[in-house]
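Residue-level structure breakdown
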Amino acid sequence: MEASASAPLARHIEPEPPGWQLRAVWVAVRLWIGSASFFFLSFLFAYFYLRSIDSNNSWKIGQVNPSIGLGLAIAALLALSAIVFRLGAMRPSDTLGAGLAAFVMAFVAIVLQFVEYTQLSFGASQGGYASVFFGWTATYAVFGVGCLYWIETQLASLWRARREGLNRPVREGVPTSDIALMRAGIDACSFFWAYYATVGVISFIILYLV
Amino acid sequence: MDHPAAGSTGMPEVNEPNHFLRIVLWWLVVSVIGTALVVFVLGPGLPPGNGSVEASGQVTDNTVLLALSVPVAAAVLVYLTYALIVFREREPEVYVDGPPIRGNASIQLWWLVTTTVIVLFLAGYGSIRLLADGSGGGQGPNPIAAPAASSSDPPLQVQVIAQQWQFNYRFPGYGGVEVPDLELPANTLVEFHVTSLDVIHSFWAYQLGVKADANPGVDNVAYVTTKGPLSVNIRCAELCGVWHGYMFETAHVVSKADFATWIRAQETRFAPATKTLPPYSKTYFPPPERRGG
Amino acid sequence: MSTIAVPVARPPLWRRLVGFNLLAGIALGIIGYVIGQWIGGRFTGVNIAYYSKTAGQNDIAIMLGYFFGVVGFLIGMGFANYPIQRMLGYPPTLAEHEAEEEGVGRYFRLCTDHKVVAIQYLVGIGVFFFIGGLNAMLIRTELLQPNTHVFGANQYLTLVGMHGTMMMGMMTSGILGPFANWVVPPMIGARRMAFPRIESFTFWLLMAAGVVLITTIFFGGFQTGWTGYQPLGDQNTAGYDAYIGFFALVGVSMTLLGLNLAVTIISMRAPGMTWTRLPIFVWSVLATAALMFLAAPMLIAALLMGAMDRTIQTAFYVAGQGGSSYLFQNLFWVFGHPEVYIVALPGFGIVLELLPVFARKPLWGYRLAVSGMLGVGLLSFFVWQHHLFVSGINADLRPFYMLSTELISLPTGFTFLCFMGTLWRGRIRFTVPMLFCLAWAFNFLFGGISGVFLSDVPSDVTTHGSFFSMAHFHYTIMGGLVFTFFAAIYYWVPKMTGFNLSERLGKVHFWTMFLAFNSTFAPLFALGFMGMPRRVVTYNPSFQALNDWASVSAFILGISMLIFLYNVVWSLLIKREPAEANPWHSKSPEWQLATPVPVYDFERTPVFDPDPYPYGVEPVPVGRPVVAPAGGQA
């Protein structure tokens with residue numbers, strides 16, 4: 001089962017194979033997208049389920065129509081931000097600038113979401129649609145705040161790496177060079193951000209247009 | 001079964017008895033006796049008894065399932081007992097490995113075929129039984145399986161209105177009268193419309209073999225064909241709040257003449273209340289209140 | 001063995017108590033709770049002094065209190081340090097100071113050593129398992145008589161709810177938490193999980209969740225049982241907020257635990273450890289992890305909708321305002337049915353992993369066993385409406401759900417076939433772990449067969465919501481999970497702790513538990529058939545004899561747990577008999593490590609040979625036990 005039993009006891013600990021953590025990051029973000037999808041699918045399900053049941057004729061009680069302008073602005077900003085970040089992540093020299101632009105756009109989009117709540121003409125109790133609208137957009141926005149944090153960490157490490165130099169000695173237990181691990185992190189982050197923006201566009205289509 | 005290379009078990013192959021044959025024989029004996037016991041001794045006493053046509057159907061269904069499960073359980077248990085006795089390590093101080101048997105394609109195939117056949121039979125049988133008469137279960141607003149009613153005798157509609165923590169019964173065919181206790185005529189097809197005013201309840205008339213959840217805003221239909229006069233235990237079968245444990249009562253199946261007398265008396269007795277009730281509807285929505293603690 | 005640990009002078013006790021540890025976590029947790037309550041109170045126009053008098057009347061304040069409390073606790077535990085470092089742009093790192101610290105202190109703080117987290121899990125979950133078990137004892141005490149005599153209706157329902165919620169929430173990680181965290185890395189040749197900080201995070205989050213659930217008793221409890229059906233939950237007092245908080249946090253913990261395990265297994269297998277050589281336990285963990293991180297988010301979403309109903313007054317579950325009680329039932333059971341397989345699958349894995357060791361044979365039908373586990377996992381997403389057969393939802397789909405539910409018995413049957421095949425002509429040793437595995441087969445057989453009655457709609461009309469279904473899932477979950485949980489404890493604890501558990505006490509524990517378990521739950525099948533619904537505080541007086549029988553048996557079951565506790569205290573804390581490196585003569589990789597296990601598990605990444613179960617392959621000299629080479633993997 002094990003390696004050769006005759007080797008003398010080594011005084012040092014052999015580092016783990018290179019590439020494990022890179023692969024782990026790559027796999028993790030994809031599985032994490034699976035998790036997040038099931039989370040948002042629950043709201044999608046709630047939308048269509050409550051709409052089809054229309055209990056007590058209360059899918060919409062009164063005038064329940066959010067303004068398309070704000071919704072469109074949010075979705076467009078998210079989509080643009082994701083495209084910029086993803087493209088920037090593919091070109092190392094542009095990543096920091098593209099990431100900053102993406103971060104600002106994402107920040108504005110999420111602020112706009114909260115601004116929208118103050119502008120709405122209806123309340124959360126006004127039927128199934130209003131419930132789903134508030135539930136979906138609010139959890140989505142909070143999720144987005146988490147993503148903002150994630151993007152920020154990537155930009156901060158890029159910025160610090162640029163200032164202090166990339167190829168510092170690797171810490172104990174990390175066989176991968178910092179630079180590869182950092183690129184893997186940025187790739188994962190931009191990949192997830194693209195997914196997140198896709199969900200945003202889908203939710204715009206469903207909540208505002210359908 | 002597989003025969004590993006001789007000698008690897010430390011046991012001479014010559015004296016090895018035919019384990020497989022022995023297990024099959026034991027299994028046959030146990031299953032035949034067990035199945036016979038289930039069908040002829042246990043079967044007639046299985047729940048929920050013969051209070052209605054649907055209840056009798058459930059007894060049949062339970063008997064079939066139990067009879068089928070006896071050979072399955074016997075196969076595993078006989079095998080386990082045999083294996084644990086015959087294949088036990090007789091000298092635990094010494095570590096000797098058994099033969100490295102890693103599988104057997106034909107056994108796996110046979111197992112797959114057998115279990116698939118059993119499962120498909122069960123699902124098919126259950127579906128046929130279910131689609132025949134609905135088996136007394138709640139079927140939602142658009143029932144797909146109803147027992148055949150004689151044309152001269154349309155089904156008796158009874159609306160079961162559950163609320164915390166009691167059932168009330170409304171008879172749309174008798175002026176929409178609402179009564180706190182239930183009586184049903186014998187030998188009649190009854191159409192229950194189960195709904196709720198607040199949280200989820202479940203209308204369980206045990207002896208009739210009826211169970212239907214009461215959801216607010218939902219009309220849940222269940223059919224039952226009553227037989228002779230009978231006392232029926234009614235319980236709420238879905239946790240519905242603090243006094244869920246006290247939500248039970250007794251209903252009665254009485255002769256058709258007695259039922260006619262009873263329902264007339266109820267109509268007269270509750271006439272003033274009936275006027276104040278909302279008109280008969282499939283569902284009722286109480287005014288919403290603030291939610292939370 | 002050499003490690004990189006350098007002896008340092010131990011600082012004085014008070015110095016060691018200051019820092020990011022459990023004490024700081026509790027302190028910041030309490031402060032956070034008060035802050036959350038205060039914000040919630042301000043937000044809704046009520047001040048905090050009002051709260052102390054009318055505790056539990058403002059859901060927003062209570063929810064915020066829980067949220068800030070948990071966040072404060074996690075900050076105190078030190079989980080914010082690394083994220084803040086990352087915000088400042090420090091590069092990703094795996095090294096944690098805590099990982100190299102020796103001594104008892106590391107069990108009370110963020111520790112990234114998978115072996116430490118596993119033992120934290122074992123003890124932490126054990127505590128809640130015993131609290132949940134105590135609830136069960138109280139429930140059975142109340143059911144000694146047909147009318148209320150010890151507890152009121154509300155107390156009784158709160159006990160029922162806490163028992164169910166605690167067991168279903170905590171024991172979900174009951175095998176994955178302690179045993180997968182400990183065993184999976186050495187089994188696949190890794191020294192750590194892919195994300196060690198997240199591994200520790202899942203544990204401490206689970207503990208915080210457990211405390212949140214217990215606080216329900218200060219807010220009037222909740223009367224919904226573990227299923228928490230809406231709109232009853234909307235109507236409940238503030239105790240239901242604790243239910244939401246608990247299950248949502250458990251959901252987060254489950255999601256991350258599942259992700260972490262799946263990522264580790266997928267991406268960190270040592271050279272030679274191909275998919276077809278993976279030990280069967282790792283396969284079961286992978287299947288379970290997939291169910292976890294896919295199903296748990298739906299639970300979180302369903303509970304968030306409930307929380308919004310109770311706070312910002314959305315109407316997801318209010319039929320009169322366009323909501324639906326079915327929405328919760330659907331979302332809950334789309335999570336809930338994978339959940340019961342999350343609970344059952346690791347049990348399959350443990351049984352099939354241990355059986356070759358004690359039958360001294362390779363696993364019979366490896367590929368069949370793997371496909372069985374994956375099949376169960378896949379099918380479990382397509383059966384959820386069998387919980388709603390009589391609810392009036394989608395009546396025309398019932399034949400489909402009947403079929404899909406019964407189809408699950410096919411892959412489950414594979415596990416049984418592999419179980420039986422491995423015993424065939426083996427040399428079966430009746431050790432304590434083996435006894436628990438054999439009991440699994442017995443219990444799960446009856447659990448599975450009774451499940452057929454619940455999956456068949458005509459039978460389900462009577463058995464649904466009755467004691468029959470209660471007995472059924474106790475046979476599968478307690479008989480399937482808890483028995484294998486103990487099998488795993490008796491099997492792996494000598495390696496995990498370095499000390500032996502008493503074999504004699506273990507056998508006493510097993511026989512008391514096995515007999516008392518069957519004696520408790522077998523009568524409940526009959527009670528359900530006779531018409532006793534679940535979760536009732538009163539019952540028909542004619543059911544009393546059977547109920548009393550079940551109660552007395554349940555008390556004996558409780559005593560068997562005390563025997564186990566005595567065994568643990570006596571063997572691991574008092575007697576402390578050092579364990580051999582490989583007392584079971586197992587050929588599995590984790591048993592080739594040295595005992596006690598060094599911090600870095602093994603010095604070189606192992607290379608695996610093609611055979612995960614090499615029993616009976618090379619002729620073993622008769623009369624001489626196979627002893628693992630000392631010095632671990634070297």
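Residues numbered from 1 in each chain as written. Chains lettered and ligands numbered in written order. Predicted model: local features only at pLDDT ≥ 70, side-chain atom pairs only at ≥ 80, totals over all residues.

Things to note about the overall build of chain A
Assigned secondary structure in chain A consists of five helices and zero strands. Taken over 210 residues, chain A has a buried fraction of 40%. Within chain A, counting contacts between residues at least 6 apart in sequence, those at least 24 apart form 82% of the total. (Helix = DSSP H or I, 4+ residues; strand = E, 2+ residues; numbered from the N terminus. Buried ≥ 20, exposed ≤ 12 C-beta atoms within 10 Å, placed from the backbone. Contact = placed C-beta atoms within 7 Å.)

A look at the packing of helix α8 (residues 176-188) of chain C against helix α19 (residues 467-497) of chain C
Residue and element names in this part refer to chain C. Interhelical geometry of α8 versus α19 gives an angle of 55 degrees and a closest axis separation of 11 Å. Taken together, the axes of α8 and α19 are oblique relative to one another. With respect to the hand of their crossing, α8 and α19 are arranged in left-handed fashion. Across from F179, W182 and V183 in α8, the residues of α19 making contact are A488, W492 and M496. Counted by class, the contact of α8 with α19 contains six nonpolar, no polar and no charged residues. (Axes fitted to C-alpha atoms, helices over the stretch in contact; angles between N-to-C directions. Parallel < 35°, antiparallel > 145°, perpendicular 65-115°, else oblique. Left-handed = near helix turned anticlockwise from the far one by under 90°. Nonpolar A, V, L, I, M, F, W, Y, C, P; charged D, E, K, R; others polar.)

Some thoughts on the interface of chain B and chain C
Taken together, the 84 residues of chain B in the interface contact 94 residues of chain C. Secondary-structure elements contributing two or more residues to the side of chain B that touches chain C are α2 (53-86), α3 (105-133), β6 (201-205), β7 (210-214) and β9 (230-236) of chain B. Broken down by element, the side of chain B that touches chain C gets its largest block of residues, 13 residues, from α2(B). For the side of chain B that touches chain C, the per-class residue count stands at 42 nonpolar, 30 polar and 12 charged.

Brief notes about the environment of A:F143
Of note, A:F143 is situated in helix α4 (residues 127-164). Given 17 C-beta atoms within a 10 Å radius, A:F143 is considered partly exposed.

Section: the sheet that holds β9(B)
Residues and elements named next belong to chain B. Overall, mixed pairing links the five strands, which are arranged β4-β10-β9-β6-β7 in an open sheet. Of all strands in the sheet, those bounded by a partner on one side alone are β4 (183-185) and β7. Averaged over all neighbouring strand pairs, the angle between strand axes comes to 20 degrees, with direction disregarded. Across six bridges, β9 lies against strand β10 (residues 248-254) in antiparallel orientation. (Pairing = 2+ DSSP bridges.)

Digging into the nonpolar core
Buried together is how nonpolar side chains tend to be arranged in soluble globular proteins. The biggest cluster of nonpolar side chains holds 337 residues, and the ones touching the most others in it are B:F203, C:A262 and C:F436. By residue number, the principal contributor to this core is helix α12 (residues 280-310) of chain C, which donates 25 residues. Contacts of B:F203, omitting those with residues within four sequence positions, involve B:V160, B:A162, B:F167, B:F192, B:V194, B:V210, B:K211, B:A212 and B:A214. (Core = buried A, V, L, I, M, F, W, Y, C linked by C-beta atoms within 7 Å.)

Focus: the sheet that holds strand β1 (residues 156-163) of chain B
All names here are of chain B. Judged by pairing direction, the sheet is mixed, and its five strands sit side by side in the order β3-β2-β1-β5-β8 without closing on themselves. Unpaired on one side and paired on the other, β3 (177-179) and β8 (220-225) mark the two borders of the sheet. Averaged over neighbouring strand pairs, the angle between their axes works out to 25 degrees when direction is ignored. As defined by bridge partners, β1 adjoins strand β2 (residues 166-171) across five bridges and the pair is classed as antiparallel.

Topic: the domain arrangement of chain B
The figure often quoted for interface size is the accessible area lost as the parts come together. All names here are of chain B. Taken domain by domain, chain B holds domain 1 (19-89 + 109-136) and domain 2 (156-276). Across the contact, 12 residues belong to domain 1 and 14 residues belong to domain 2. Ranked by residue count, the leading element in the side of domain 1 that touches domain 2 is α2, at four residues. The residue inventory of the side of domain 1 that touches domain 2, partitioned by class, reads three nonpolar, seven polar and two charged. (Domains from an automatic or database assignment.)

Quick look at the environment of C:P583
All names here are of chain C. Mapped onto the elements, P583 comes out in the segment after α21 (544-575). P583 gets classed as partly exposed once you count the C-beta atoms within 10 Å, which come to 16. Note: C-alpha distance between P583 and N547 (36 residues apart in sequence) is 43 Å.

What about the pairing of β2(B)?
Taking the residues that link successive antiparallel strands as the turn, the β1(B)-β2(B) hairpin has two residues. Between β2(B) and β3(B), which follow one another and run antiparallel, lie five residues, and B:G175 among them has a positive phi close to 70 degrees.

Considerations on the interface of chain C and chain A
Every contact between the two is made by 59 residues of chain C and, on the other side, 56 residues of chain A. A total of 10 residues in the side of chain C that touches chain A trace back to one element, the largest contributor, which is α12(C). Here the side of chain C that touches chain A is built from residues that sort into 37 nonpolar, 16 polar and six charged.

What about the confidence of the model for chain A?
Low pLDDT marks regions whose predicted coordinates should not be analysed in detail. Summing up the model confidence of chain A, the mean pLDDT is 86 and the portion of residues at 70 or higher is 88%. Low pLDDT, under 50, characterises residues 1-11 of chain A; the predicted model gives this stretch 21 contacts beyond four residues in sequence or across chains. (pLDDT = per-residue confidence, 0-100.)

Remarks on the environment of B:S196
Residue and element names in this part refer to chain B. Residue placement: S196 occurs in strand β5 (residues 189-196). Among the residues examined, S196 registers 30 C-beta atoms within 10 Å and is labelled buried. Between the C-alpha atoms of S196 and K275, which are 79 residues apart in sequence, the distance is 21 Å. Look past the residues within four positions of S196 in its chain and what remains in contact with it is A162, Q163, H201, A214, N215 and P216.

Examining unusual backbone geometry
Put simply, B:P47 and B:P48 share a cis peptide bond, and its omega is -5 degrees. Checked against the element boundaries, B:P48 lands in the loop between α1 (19-42) and α2. Phi at B:N187 takes a positive value of approximately 50 degrees, unusual for a residue other than glycine. Within the secondary structure, B:N187 sits in the loop between β4 and β5. Not every positive phi belongs to a glycine, and C:H585 is a case in point at roughly 55 degrees. Here C:H585 is to be found in the segment after α21.

What to know about the packing of helix α17 (residues 432-455) of chain C against α19(C)
Residues and elements named next belong to chain C. Running from N to C, α17 and α19 point in directions that differ by 165 degrees, and their axes come no closer than 8 Å. Classified by the interaxial angle, the pair formed by α17 and α19 is roughly antiparallel. For the pair α17 and α19, the sense of crossing is left-handed. Each residue belonging to the contact of α17 with α19 can be placed in one class, and the counts come to 16 nonpolar, 10 polar and no charged.

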